[in-house]
Amino acid sequence: MSPEKQPATSRYGSNAGQPLTRRDGILKVTGRATYAADNHPEGLLYAVMAVSRIARGRVRSMNVDAAKAHSGVVEVLTPANRPPLFHDPHEKMPPFGFRVEVLQDDSVRYGNQPIALVIAETLEAATEGAALLDPQYDTEPARVGREAGIRFDPPAVSIGGPPKTAHGDVEAGFSNAAITVEAEVETPPQYHNAMEPHAVVAEWDGNRVVLDMPNQALALSCASYAAFFGIPVDNVTIRSPFLGGGFGSKAILNGPQILAILAARMLNRPVKLALTRAQMYGPVGHRGQTWQKIRIGMESDGTLTALHHRSLSATSAFDDFLEPAANASLPLYASPAILVEHEGIRLDTGTPGPMRAPGEASGSAALEVAIDEAAQACGMDPLAFRLKNYAETEPATGKPFSSKALRTCYEEGATRFGWSRRPRAAGQMRDENGLLVGWGMGTAVFGCPHFPAEARATLRADGTALVETGAADMGQGAWTALAQIAAEALGLDPDQVEFHSGLSTLPDAGIAGGSGHTASAGLALNQAGGDAIAQLSDLAVNDPASRLFGAGNIGLTARNGRLYRRDDESRSESYAEILARSGRSDVVGTAKSNRDPTVATDHALYSHGAVFAEVKIDPDLGQIRTTRLVGAFAAGRIINPRLVQSQYFGGMIWGISFALHEEAITDKRTGRIMNADLAEYHVPVNADVPPLEAILVPEDDAIVNPIGVKGVGEIGITGTVGAIANAVWHATGSRIRKFPIRIEDVLSAR
Amino acid sequence: MNRFDFIRPASLAEAVTAAAVPGSVYLAGGTNLLDLMKIGVTRPERVIDISRLPGLDRIDWLPDGGVRIGALVRNADLAYDTRFAATYPAIAEALLSGASAQLRNAATVGGNLLQRTRCAYFQDTAGACNRRELGSGCDALHGENRLHAVLGWTEQCIATHPSDFCVPLAALGAVVEIEGVEGRKDIPIENLHSLPDATSAQESALLPGDLISGLRLPPEAAAFAGNARYMKLRERASYAFAVVSAAAMLDMDGDTIRAARLALGAVAAKPWRAHTAEAALIGQRPTREAFEKAATAALTDARPSGDNAFKITLAHRILVRALTLAHEGTPKVMPALPASPFPEQHLPAPKGDLHVA
Amino acid sequence: MPFSISLTVNGQPNSIALDDPRVTLLDLLRERLHLTGTKKGCDRGQCGACTVLLDGRRINACLTLAASLDGSTVTTIEGLADGAELHAVQAAFIACDGLQCGYCTPGQIMSAVGLLSEGHAGDDPERVRELMSGNICRCGAYQGITQAVLEAGHVLSQKTGVPDTGVQENGRNAA
């Protein structure tokens, strides 16, 4: 159905489904939303980190005396005086642990590694103190780039994932193929660069500590910090009402934050540490570099016979996170034989970690370019080729999809974009100004993980509710969407729900990652709300004075703050009336939720989408501009279409960034990143972003989880990168297989 | 940032005297200086705040047909001055293609002339840079240098001057007015910035204490108002330094070029005026062929300083493009994306409606 | 050498003792006046998160020395709303979902207010995009931001009755 015919607001008819504006909107537009570094407890000290200017070797000396002599400097933390920790920083803490640098020794393993922490009365003094340390190094040659790195066969990719997955006989598939194409694609190191640099304000009271910090996984982090400081987990409180962007970088414990907490304990005063922008290029994760090779075998009519995707993924010299890029080829195209495999390469860099669409972004960038080449090789339209190889079941496993409206996404997106008018061959279109015009497409896909979560819903005497869960709002709109889910479960208007979140003392809402937060925390809220309503129903149906007395077997419906007899809606009672008569001040519903594990073992669970891009390229100067981007996405039940649209837009802009802008540039001699700032590490600015369209394709999914919600936060990147690269080919006739696509690539290709 | 003495002089003379003491720097808009102080490239002992000095924030039209711009005129104020923009449209376009609206509101004319290179090795105090420390070497030379100089460089230094503003200024023969300990002097902008020199880390012709008080455009600069463009290639659409840029201006006599002004940006340690190319255009018809020839003449001495040969190709092409557009005529209104090769791509307004299939 | 400056912040005149000449306007606001709505994203003029109005013009507070501001007037995000009534730009940002994580939002809004008073964008979305490009939003809320600036521009021009065409004439034809 077209948007003109039916407004989104009426499609679901419940609280969830409404395009409400953000509940935290007023706080955010007035500057009253409090981020970690905005806190300023009495007696605050400022910490500034000193970081290594080499990528490998050891710190021979530092001028601690000079730093300490600077007016206002209180203490300098180095390996020589760093107080003990209760957990070995080399030992990874499950399930998402990484090795961290907390001044355990004088070794340097990457550029921008923390080597000291200077604490002072003012930010200015701490900053200068760090500069005065003037470290001297014993330098060893940095291992940077494909040639210098150390290759290894990884035991796992990402977090514990298998490095290799095989389905069918790939060699047979290739020998049966009439046409084979091969594409090598390179993706650069990318840095999360959330607008809010990582920060912490730590304040100890005895052996209890309160931490203001942006955090995507409150309960998990509390446990980790407790282990590092040898205190009970309940002694750690994390307040994280708002994250100034996370994108994966704030889910994982990092050294700098531990050091600041340690300094606060050592000095018995609250300490604030905020990383500088440059310091975010090292100790807080990044998207690792990949070199991918894809081989596609097909019959002359385009039917796939084999798909082989191999990724050489970079990691640090001392830890193991590998971009699971090749796995992008597992869920999408129906091939009788699929082989995906990963090799690791160790470089002298900070350890990579999950960054918005980890694996999928890099992997689908490569896959979608290769698929486009395959379509070209058999003379087919890229959309027709994708439809030809449409997977009705998950290709690598044969599992049925819990839902898959990808066909509709293709149709809706293509229609909106005008794809049918696209000439097959490249280099055919110019605009009225003589610019080259190209159209490309890509398929978007992202899985639906689910995390255990807890929530509490209290129905109060006045008929309103208090709903609590320690969720993380990093821009996706948790404050709003989760409150909508809770309101729906409670049969209340969202305005009648007081929602508490972003605090570790609340029930554990699990991890805000993997595009699974709304589904995971949402399910807990749905069940906690259901529990509260069930308790309230019990009060009513067992109370002879209630109009609902005895309706227990018939059942009640909760709506607008009232319980109704399901068989006779003229008989109802308000929550307040029921509570008042029962003499209770409230009923408290709780839930510990998780998805039934058989759902994932029996089904393939994915969000899907199709992205169509138009680029224009100056034929002489090689400058590229994305001029149109249309995405159509199907992601189960949509809780708040306004916020979901923004998530898709954000993902699509990350796709533009991946395709055309982002790259950390490392000096091969020193291993130092030479553009560790926002002037030269280019992310798109407003002028780079064309009018975007995101079509919300309806999709009902009764399987993926009881609330039918899939994820929307990451899928927008996948598909978009390939769509833009394919549009560049369509405009110019040249395949550029190294991201980001640069002016000189376009020039030399022509 | 190190501690420094903060000094606010009341007059130009007081400022010059104060700044003549070694270790002094002038603070005007602060957009470049504070950044360099934060990253430790500049560690002044004395900061002389000239931002409130009276009389330096005016644009004065001169009786001879030229104009004098005070050193403290903000970039945005100059670019949006109606008469200035109409008379020197390429300068306005260059100004508006630089940095961001916020930075243009703060940055001054004098500071823009003296902004330091964006070379990453200059900014990285851990590495060698002859510009920061003469004799230490140049880590850019065999480093990440795809955006470095292709003209006027030596093994001493391959950095470029990042200013957009200076490119059309160089083309138009601007004169820089300087107050110094010894009194007032004028320096042609072409002599302001130094090319690399093994015996000196000096980046400009300024002596200690010298203060740029203003800038003059000579009367003949106004002759190019009708056919003037600035073009800038960037790696994102805005808020980025140039990969290469060019200012091109023509004074047409019917279908014949009476005079031409050409300069390149981001190709050398100074804004690079292309005199021979200008000369090659005089008396020619404004054809593609003539423009190509001029571009070839401008780049005769160009050579890559590293992984940047593509910049020579681009410099050639952007010169031809700037000349072509200049010949088509100065746009009636400032393009939505100043200096962009996508001048008339007026992308429609974003739609607010939610979009459900 | 301690000295003091007088600075009007959000309409309030202040005499501020500065014990350190290194303090930037951004750190003065955040760490000493505890006006933390203005954000630090890069501290180098490369992101726009610290945008405030200085004497009515949008600038990057991170590249401004507090010591140099004696006698100036600063407006921050905290000073924009009129009591409980949001400024038109603030309201439009909510309505158009021109924000996600919210961290760049104060800077975006102050920049938009500056843009509208400068009057060079008119109702041309392309000019709005260009003139808002000094404010990076990593979440990618640009579409809503552009829409919000356009909508707020309409609201404000209706309020003042001044048509907001704003396109600068240039070159010979304008002389």
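Residues numbered from 1 in each chain as written. Chains lettered and ligands numbered in written order. Predicted model: local features only at pLDDT ≥ 70, side-chain atom pairs only at ≥ 80, totals over all residues. Heavy atoms only, no water.

Describing the packing of aromatic side chains
Moving on, step 1. According to the stated counting rule, one finds 21 aromatic pairs over all chains in the structure shown.
Moving on, step 2. On the basis of an interplanar angle of 65° and a centroid distance of 5.3 Å, the ring pair of A:W419 and A:F612 is categorised as edge-to-face. One end of the pair, A:W419, is in the loop between helix 10 (406-417) and strand 17 (429-430); the other, A:F612, is in strand 26 (residues 606-617), with 193 residues separating them in the sequence. Across this residue pair, the class does not change: A:W419 and A:F612 are buried.
Moving on, step 3. Grouped by ring-pair contacts, the aromatic residues A:Y35, A:F242, A:W479, A:F499 and C:Y103 constitute a single cluster.
Moving on, step 4. It is A:R407 that lies over the ring of A:Y390; its NZ or CZ is 4.1 Å from the centre.
Moving on, step 5. The ring of B:W153 has B:R303 sitting right over it, with the charged end atom 3.9 Å from the ring centre. (Phe/Tyr/Trp six-rings, centres within 6.5 Å; stacked < 30°, edge-to-face > 60°. Helix = DSSP H or I, 4+ residues; strand = E, 2+ residues; numbered from the N terminus. Buried < 20%, exposed > 50% of the residue type's maximum accessible area, 1.4 Å probe, protein only. Lys NZ or Arg CZ within 6 Å of the ring centre and 35° of its normal.)

Some words on the pairing of strand 5 (residues 67-70) of chain B
Residues and elements named next belong to chain B.
Moving on, step 1. Burial along strand 5 is two-sided: V67 and I69 facing one way and R68 and G70 facing the other are all buried.
Moving on, step 2. Relative to strand 5, strand 4 (residues 59-61) runs antiparallel, the two being bridged by three bridges. Residue pairing in the sheet places W61 in a bridge with V67 of strand 5.
Moving on, step 3. Between strand 4 and strand 5, which pair antiparallel one after the other, the connecting turn spans five residues, and G65 there sits at a positive phi close to 100°.
Moving on, step 4. Bridge count for strand 5 against strand 8 (residues 211-217) is four bridges, and the pairing is antiparallel. Its bridge partner being in strand 8, I69 is matched across the sheet by L215. (Pairing = 2+ DSSP bridges.)

With respect to the side chain of A:H517
All names here are of chain A.
Moving on, step 1. Within the secondary structure, H517 is located in helix 12 (residues 517-541).
Moving on, step 2. At 3.4 Å, the side chain of H517 forms a polar contact with the backbone oxygen of I511.
Moving on, step 3. With residues near it in sequence (within four places) discarded, H517 still touches A471, A472, Q476, L482, A509, G510, I511, A512 and G522. (Polar contact = N/O pair within 3.5 Å; in protein donor to acceptor, adjacent residues only side chain to side chain. Contact = heavy atoms within 4.5 Å.)

Quick look at the pattern of salt bridges
Moving on, step 1. Tallying each qualifying case throughout the model produces 91 salt bridges over all chains.
Moving on, step 2. Residue C:D97 is joined to A:R22 by a salt bridge in which the shortest nitrogen-to-oxygen separation is 2.6 Å. Residue C:D97 is found in the loop between helix 2 (88-95) and helix 3 (105-118), and its partner A:R22 is found in the segment before helix 1 (25-30); the two belong to separate chains. The same class applies to C:D97 as to A:R22, namely buried.
Moving on, step 3. Residue A:D38 pairs with C:R30 through a salt bridge whose shortest N-O separation is 2.8 Å. (Salt bridge = Lys/Arg side-chain N within 4 Å of Asp/Glu carboxyl O.)

Comments concerning the interface of chain B and chain C
Moving on, step 1. Counting from both sides, the interface comprises 59 residues of chain B and, opposite them, 52 residues of chain C.
Moving on, step 2. The contact between chain B and chain C buries some 4600 Å² in all, and 50% of this surface belongs to carbon and sulfur atoms.
Moving on, step 3. Linking B:D35 and C:R44 is a salt bridge whose minimum nitrogen-to-oxygen distance equals 2.6 Å.
Moving on, step 4. One can count 23 residue pairs in polar contact (both at pLDDT 80 or more) joining chain B with chain C.
Moving on, step 5. Going through the elements one at a time, helix 2 (33-38), helix 3 (75-79), helix 4 (82-87), helix 5 (89-96) and helix 6 (101-106) of chain B are the ones with two or more residues in the side of chain B that touches chain C.
Moving on, step 6. The dominant element in the side of chain B that touches chain C, judged by the number of residues it contributes, is helix 6 of chain B, at six residues.
Moving on, step 7. A class-by-class count of the residues in the side of chain B that touches chain C yields 30 nonpolar, 16 polar and 13 charged. (Buried area = accessible area lost by both parts, 1.4 Å probe. Nonpolar A, V, L, I, M, F, W, Y, C, P; charged D, E, K, R; others polar.)

Digging into the environment of B:I91
Residue and element names in this part refer to chain B.
Moving on, step 1. Counting through the fold element by element, I91 comes out in helix 5.
Moving on, step 2. Between the alpha carbons of I91 and R116 there is a distance of 20 Å; along the sequence they are 25 residues apart.
Moving on, step 3. Sequence-distant contacts of I91, defined by excluding residues within four places in its chain, comprise F84, F165, P168, L169, L172 and L217.

Some thoughts on the domain arrangement of chain C
Residue and element names in this part refer to chain C.
Moving on, step 1. By domain assignment, chain C separates into domain 1 (3-79) and domain 2 (88-160).
Moving on, step 2. Centre-to-centre, using C-alpha coordinates, domain 1 lies 22 Å away from domain 2.
Moving on, step 3. Across the boundary between the two partners, domain 1 contributes 16 residues, which contact 17 residues of domain 2.
Moving on, step 4. Remark: the boundary between domain 1 and domain 2 carries one salt bridge.
Moving on, step 5. The partner of E118 in a salt bridge is R58, with the nearest N and O atoms 2.8 Å apart.
Moving on, step 6. The leading source of residues in the side of domain 1 that touches domain 2 is strand 3 (residues 51-54), at three residues.
Moving on, step 7. Grouping the amino acids of the side of domain 1 that touches domain 2 by side-chain chemistry returns five nonpolar, eight polar and three charged. (Domains from an automatic or database assignment.)

Remarks on the packing of helix 15 (residues 641-660) of chain A against helix 16 (residues 720-732) of chain A
Residues and elements named next belong to chain A.
Moving on, step 1. At their nearest, the axes of helix 15 and helix 16 sit 8 Å apart, and the two run at 50° to each other. On the basis of their axis angle, the class for helix 15 and helix 16 is oblique. Handedness of the crossing formed by helix 15 with helix 16: right-handed. When helix 15 is examined against helix 16, the residues M652, G655, I656, F658, A659 and L660 are found in contact with a partner set consisting of T720, V721 and I724.
Moving on, step 2. Across the contact of helix 15 with helix 16, the residue classes break down as seven nonpolar, two polar and no charged. (Axes fitted to C-alpha atoms, helices over the stretch in contact; angles between N-to-C directions. Parallel < 35°, antiparallel > 145°, perpendicular 65-115°, else oblique. Left-handed = near helix turned anticlockwise from the far one by under 90°.)

Notes on the nonpolar core
Moving on, step 1. Core analysis: the biggest nonpolar cluster contains 275 residues, and A:I296, A:L459, A:Y648, A:F739, B:L113, B:L217 and C:L25 have the highest contact counts within it.
Moving on, step 2. Examining the composition of this core, we find that 11 residues originate from one element, helix 12 of chain A, more than from any other.
Moving on, step 3. For A:F739, the residues in contact, after removing those within four places along its chain, are A:V185, A:E186, A:T187, A:P188, A:A365, A:V369, A:F658, A:A659, A:V721 and A:A725.
Moving on, step 4. By size, the runner-up hydrophobic cluster in this structure holds 41 residues, among which are A:L747, B:M231, B:A274 and B:A322. (Core = buried A, V, L, I, M, F, W, Y, C linked by side-chain atoms within 4.5 Å.)

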